[in-house]
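Residues per chain are reported as follows:
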Amino acid sequence: MKTLLTLALAGTTALTVGSAVQAQQLFSTWLEPNHVITREAHVQWAKDLAEASNGEINFEVIVGGALIPAQSTMQGVADGLAQSGFHTATYTPSDLPVSNAVADMGFITPDPFIMAFAWSDFMMNEPVGFNDWRDNGVLFGGGYAVPEYNFICREPVTTLEDMKGLRVRMPGGGWARFGQEIGVVGVNVPSNEIYTAFERGSVDCTASDTSHLTGGATLMEVAGGVTTLAMSPFYAGVTWAYNPDFWADLTPEQRRTVFDVSAESLARLQVAYAREASEAREQAAAKGIAIIEPDASLQEAYDKWVADGVGDMAGIAASTHGIEDPEALFASFQGYVDKWSDLLSGLEQPYTAEALTALLQKNLYGPIDVNTWGLE
């Protein structure tokens, strides 16, 4: 069992923020301390924020769900148990219908940089996205996207026929529907139990990003192959959900500082995630783990499934999430995807954190009016 750690970044003294309201500033995440999101977007973000605000905004980052359990993080932030926190929308689908309805659109555009920034923009600036979170008592301060998902397997898998009947850990949503389409047996295993499931042979594959070879589930020792079918990245969450009272107590200058640091942190996170996934694949190949391109049968099955509606994504949005006009919602979100596709096309690859920070400042965080945003 992993030890739950508290990373104290600024002590535990109550701080004066904005309107001189005394409050302990706590950040809650259920992720492990060594997770890339924890390191880059929570711990380093908090350190940078304390420095940039001259110590006026100091967060104590509490990891591993030690303060608030994963499924309750949004509610805990809304209730003021923490002033900010990390929450996954798919853990509370009935509370966040809009977020869950558009969570599978990455299958259409499986680019984590585009989806991270489009998702953040949509949830912070489009009323239907903003209110999905605000109606639950929190403010959406920025998102993320993991690298595209591949199939990491105990043995090499190449063809559609190879996949049939395999026990595959799927994270739900579109991945589960695609698994049903190609005849795998879906297995519900939490990410922190994938290694043990591989070791015991109770799971043959997992749909995960390849950073899990060396971090997270750390599958390097039990994996035999990576099938590089480029499936959707996971992005249905909030990196920084804010308690509205905390946000209102900040001065406009402090809110701008939070946004400036968040732009830099989101850019740094996405670059680090991509680097770690790439380095993990290289290490796996060096270790003799097969890195396999899917053959035509598997790739064509995936492409057809996406083209046919991502496993009835629209029907599920209507019947499960109660969206009255799914196509209108998807079209609205697609506009943000197109916006960030165009913006990113103007940058040289591989992207740098500095270039992405400038792009986010100019096109997402900078234009937001800190005198009014989140104060309605």
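Structure first, text after, so check above.
Residues numbered from 1 in each chain as written. Predicted model: local features only at pLDDT ≥ 70, side-chain atom pairs only at ≥ 80, totals over all residues. Heavy atoms only, no water.

> Describe the pairing of strand β8 (residues 149-153), with residues and values.
For β8, a buried count of five out of five residues is recorded, marking the element as mostly surrounded by other parts of the structure. A two-sided burial pattern is seen for β8, the buried positions comprising Tyr-149, Phe-151 and Cys-153 on one face and Asn-150 and Ile-152 on the other. For β8 and strand β12 (residues 225-231), the ladder comprises four bridges, and the chain directions are antiparallel. For Phe-151, the partnering residue across the bridge sits in β12 and is Thr-227. The pairing of β8 with strand β11 (residues 205-208) spans four bridges and is antiparallel. Residue Asn-150 lies in a different strand from β11, and its bridge partner there is Ser-208. (Buried < 20%, exposed > 50% of the residue type's maximum accessible area, 1.4 Å probe, protein only. Helix = DSSP H or I, 4+ residues; strand = E, 2+ residues; numbered from the N terminus. Pairing = 2+ DSSP bridges.)

> Quick rundown of the pairing of β12? Include the residues and the values.
The element β12 is largely enclosed, with a buried count of five among its seven residues. Relative to strand β14 (residues 290-292), β12 is paired through three bridges, and the arrangement is parallel. Looking at the pairing, Thr-227 lines up with Ile-292 of β14.

> Pulling in residues and values, what's your account of the environment of Thr-88?
Along the chain, Thr-88 turns up in strand β6 (residues 84-88). Separated by eleven residues in sequence, Thr-88 and Ser-99 have C-alpha atoms that sit 9.8 Å apart.

> Give a description of the side chain of Ser-208 that names residues and reports values.
Within the element layout of this structure, Ser-208 appears in strand β11. Overall, Ser-208 belongs to the buried group, its relative accessible area being 2%. Polar contacts involving the side chain of Ser-208 include one to the side chain of Thr-206, which spans 2.8 Å. Those residues in contact with Ser-208 that lie beyond four places of it in its chain are Tyr-149, Asn-150, Ile-152, Arg-169 and Ile-194. (Polar contact = N/O pair within 3.5 Å; in protein donor to acceptor, adjacent residues only side chain to side chain. Contact = heavy atoms within 4.5 Å.)

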